[in-house]
Number of protein chains: 2
Amino acid sequence: MAKTNERSQRGGHTGVSIEDVAAAAGVSTATVSRAVRGLPRVSPATREKILDVAASLGYVASSSASGLATGRTRTIGVLAPFVSRWFFSKAIEGADRELHSRKYNLSLFNLGGHGSNRERLFSSTMVYKQIDALLVLYMALSEDEQEHLHKLDIPLVVVGGHVENCPYIGINDYDAASTAVRHLLDLGHKDIALLHGDDETDLNFDVPRVRIRAFQEVMSDAGLEVRPEWDQWGDFTVASGQQAFTRLWNQPGRKPTAIFCSSDEMAMGVIFEAYRHGVRVPQDLSVIGIDDHDFSASLGLTTVGQRPDNQAELGTKMLLDELDGHHGAVRSQVAPHELIIRETTAPPCR
Amino acid sequence: MAKTNERSQRGGHTGVSIEDVAAAAGVSTATVSRAVRGLPRVSPATREKILDVAASLGYVASSSASGLATGRTRTIGVLAPFVSRWFFSKAIEGADRELHSRKYNLSLFNLGGHGSNRERLFSSTMVYKQIDALLVLYMALSEDEQEHLHKLDIPLVVVGGHVENCPYIGINDYDAASTAVRHLLDLGHKDIALLHGDDETDLNFDVPRVRIRAFQEVMSDAGLEVRPEWDQWGDFTVASGQQAFTRLWNQPGRKPTAIFCSSDEMAMGVIFEAYRHGVRVPQDLSVIGIDDHDFSASLGLTTVGQRPDNQAELGTKMLLDELDGHHGAVRSQVAPHELIIRETTAPPCR
DNA sequence: GTGAAAGCGCTAACAG
DNA sequence: CTGTTAGCGCTTTCAC
């Protein structure tokens, strides 16, 4: 008792340790450890007493100490190329949901960009021994980075896209894109432009490529022509959608009656700029995207929706289950997508 | 040497420890510790050798072990009410920038909402002994939560708003809002509506209130009437902006020629819905927001811009400086804002 | 400039 | 059911 007072009086900032609790409760630290972690082999009476004492002392176990003792940090890493873009921020929210409901911490690593134009390279040292598992939000990874990832030797899952040799969770991009294009076709469109994402960044960033292929195949299956000058490039941002529209409309010749955008953000850029040019959506131009961005409903954007938050939540759940000893919990899974028809698509007027 | 091999052969997953490096380099662990951390009192020759050995062995210090030994975790916590809203995601990116450039980790705590309608309550136990400092992204905090915050007894700064008794970084909301309203006045508007944020959530969430007050005072200083029916309420989201426009336009009587929105997201909602109603922006209605959201330039939205990323970066810097022993590094500071005139404001037509 | 040794606070056998 | 006893891997005096 005397010792406890002594400690807390000077210690103060160091915080109350398990020893303080043990002393105050008149038990050993081992028992306190069991009690506070809800482990068996503690009598109800002592457990209650310990919990009371711990609460009154404001005891919280040191994560460093237990981490050192157990080899587990109880934090999982989330690797993202961006945090302020819709897909990633939603995914982070989803991961966080699962993590915190299971008392894990989320350590965020923002790489700042894709592939080669990345601010910070991913290296295993930055997360090594700091996290128990890693959730990778989709991005182009260099060979080096992929190697680092595998060297880590901790549970790993990638959300939102396909990475070589890694379990991943994401929508079927081919189907999603096909659905979008077919919606346009069903409406009667024949002159359809494509606004796709970057396909040149890196070898293993295949989402853009798959969506492009879906577009092309659905078009040619329908006996429709894919005009190269209507094939526009963007980087998934609103600004790039805006620029793409400008390029499209500034070139001579016939204009498309519809445009399939690889992301809602690019679709928004197209719509904003169309408005400026006096091009009416959907009367003059139908626009469809992919994602179902938070703003899409308000904008009335027709899209093929996906839920990155749920994808990341599922991925996180798998990771934690794996850590809980459920071997094989982490495995690839296809996430759902859904056509959401709103007001930016309509039959062509001509 | 024999011992090392033994260790690494079975250990494997445990990783290489400082002892392994020490043994392989023929020095003590103390020297390795000094060498890898770049501390003085190590001869250039030994340092080089140790670094080489460490690199070839792939040594990375265990954060738990050094955390336990030093009492520092080298991670700072970021507390946010949301992560997928512009202000917060940008702030997180800013904090991350500073943190990772200084080799700190970012632990994200997403509370999921403001004040009472929050999913997860903030309690000091969730971060206690896990972080060295805390960056709070602006939100309404309950009394309890504020108390917890202070009990934490670690460096703390709030970004984006004012919290009782805490150092904070953010724009001068009064000035920013006044600037926006005055821009409308300068254009010749007299019939100005207000779309403000929630002011009822919590006592200490004063950003909405300050902006409202600025609007009212600038208006009355100009001898203009503030019409109660043009005072609309939102929650900073696009959807709420959209609804506010609908309410405004569905009521009988005169319509405003301009609307000042407390955030760009709400302004976007207004613009989207105005478009649906055939109300032209800016001819029939001028719209101005606050923030300079990523989409605002593409949309052509006139706004009063701020940089949450820079604010959070600065806050983080202060926190780390404080941890580095620079006492008094953490202190309140006003961040800049700037009127950005684009295409959604113009002189009134009537 | 370098090493020995004593912890940091907790967990995990192993006894009892 | 509970206590004892080793560590976990690193840092940090304090000697040398």
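Everything below is about the structure printed above this text.
No experiment lies behind these values; they were computed from the predicted model shown.

Enquirer: Can you walk me through the protein's contact with DNA strand D in this structure?
Expert: Around DNA strand D sit 28 residues, and of these Arg34 and Ser43 of chain A together with Ile18, Ser33 and Tyr59 of chain B come closest. For DNA strand D, the fraction of atoms within 4 Å of the protein that belong to sugar or phosphate moieties is 62%. Between DNA strand D and Ser43 of chain A there is a distance of 2.7 Å, counted from a phosphate oxygen to a backbone nitrogen or oxygen. In the environment of DNA strand D, a phosphate oxygen lies 3.2 Å from a nitrogen or oxygen atom belonging to the side chain of Arg37 of chain B. Class assignment for the residues of the surface near DNA strand D results in eleven nonpolar, twelve polar and five charged.

Enquirer: What's the story with the side chain of Thr345 of chain A in this structure? I'm lost.
Expert: Residue and element names in this part refer to chain A. Among the secondary structure elements, Thr345 is positioned in the segment after strand 12 (338-340). A polar atom in the side chain of Thr345 sits 2.9 Å from the side chain of His183. Within the structure, the side chain of Thr345 is placed 3.0 Å from the side chain of Thr302, a separation counted as a polar contact. Beyond its immediate chain neighbours, meaning those up to four positions away, Thr345 contacts His183, Leu184, Leu187, Pro282, Ser286, Val287, Ile288 and Thr302.

Enquirer: Looking at this model, I keep getting lost on the packing of aromatic side chains. Mind explaining?
Expert: Here a ring pair, both rings aromatic, is described through the centre-centre distance and the interplanar angle of the planes. All names here are of chain A. For the coordinates displayed, the defined rule picks out eleven aromatic pairs over all chains. Both rings, one in Phe82 and one in Phe88, keep their centres 6.0 Å apart while their planes meet at 55°; by these two values the pair is tilted. By relative accessible area, which is 15% here, Phe82 ends up buried. Here a set of aromatic residues connected by ring pairs shows up, and it is made of Phe82, Phe87 and Phe88. We note Arg85 situated over the ring of Phe82; from NZ or CZ to the ring centre the distance is 3.7 Å. Against the face of Trp230 rests Arg227, its NZ or CZ located 4.5 Å from the ring centre.

Enquirer: So what exactly am I meant to see when it comes to the packing of helix 2 (residues 18-25) of chain A against helix 3 (residues 29-36) of chain A here?
Expert: Angle between the axes and distance between the axes are the two parameters that describe a pair of packed helices. Residues and elements named next belong to chain A. For the pair helix 2 and helix 3, the least separation of the axes is 8 Å and the interaxial angle reads 100°. One finds that helix 2 runs roughly perpendicular with respect to helix 3. Across from Ile18, Glu19, Val21 and Ala22 in helix 2, the residues of helix 3 making contact are Thr29, Val32 and Ser33. Taken together, the residues of the contact of helix 2 with helix 3 sort by class into four nonpolar, two polar and one charged.

Enquirer: What's the story with the side chain of Ser64 of chain B in this structure? I'm lost.
Expert: Along the chain, the position of Ser64 of chain B falls in helix 5 (residues 63-70). For Ser64 of chain B, a relative accessible area of 8% puts it in the buried group. In contact with Ser64 of chain B, other than residues within four places in its own chain, are Ser64, Gly67, Leu68 and Thr73 of chain A.

Enquirer: Would you explain the sheet that holds strand 4 (residues 156-159) of chain A in this entry?
Expert: Sheets are built from strands paired through backbone hydrogen bonds, the pairs being either parallel or antiparallel. The twelve strands lie next to each other as 11(A)-5(A)-4(A)-3(A)-1(A)-2(A)-2(B)-1(B)-3(B)-4(B)-5(B)-11(B), forming an open sheet whose pairing is mixed. Both edges of this open sheet fall to strand 11 (333-335) of chain A together with strand 11 (333-335) of chain B, since each of them pairs with a single strand only. Across the sheet, the mean angle from the axis of one strand to that of its neighbour is 25°, orientation sign disregarded. Pairing analysis gives four bridges linking strand 1 (residues 75-80) of chain B to strand 3 (residues 133-137) of chain B, with the strands arranged parallel.

Enquirer: Quick question: what am I supposed to make of the interface of chain A and chain B here?
Expert: Interface size is often expressed as the accessible area that is lost when the parts come together. Taken together, the contact pairs 55 residues of chain A with 55 residues of chain B. Put simply, chain A and chain B have four salt bridges between them. Residue Glu343 of chain A is joined to Arg276 of chain B by a salt bridge in which the shortest nitrogen-to-oxygen separation is 2.8 Å. If you look at where chain A meets chain B, you find 30 residue pairs in polar contact (both at pLDDT 80 or more). Sorting the residues of the side of chain A that touches chain B by element identifies helix 5 (63-70), helix 6 (86-101), strand 2 (105-110), helix 10 (238-250), helix 11 (264-276) and helix 12 (296-299) of chain A as the ones contributing at least two each.

Analysis parameters
Residues numbered from 1 in each chain as written. Chains lettered and ligands numbered in written order. Predicted model: local features only at pLDDT ≥ 70, side-chain atom pairs only at ≥ 80, totals over all residues. Heavy atoms only, no water. Near = heavy atom within 4 Å. Polar contact = N/O pair within 3.5 Å; in protein donor to acceptor, adjacent residues only side chain to side chain. Nonpolar A, V, L, I, M, F, W, Y, C, P; charged D, E, K, R; others polar. Helix = DSSP H or I, 4+ residues; strand = E, 2+ residues; numbered from the N terminus. Contact = heavy atoms within 4.5 Å. Phe/Tyr/Trp six-rings, centres within 6.5 Å; stacked < 30°, edge-to-face > 60°. Buried < 20%, exposed > 50% of the residue type's maximum accessible area, 1.4 Å probe, protein only. Lys NZ or Arg CZ within 6 Å of the ring centre and 35° of its normal. Axes fitted to C-alpha atoms, helices over the stretch in contact; angles between N-to-C directions. Parallel < 35°, antiparallel > 145°, perpendicular 65-115°, else oblique. Pairing = 2+ DSSP bridges. Salt bridge = Lys/Arg side-chain N within 4 Å of Asp/Glu carboxyl O.

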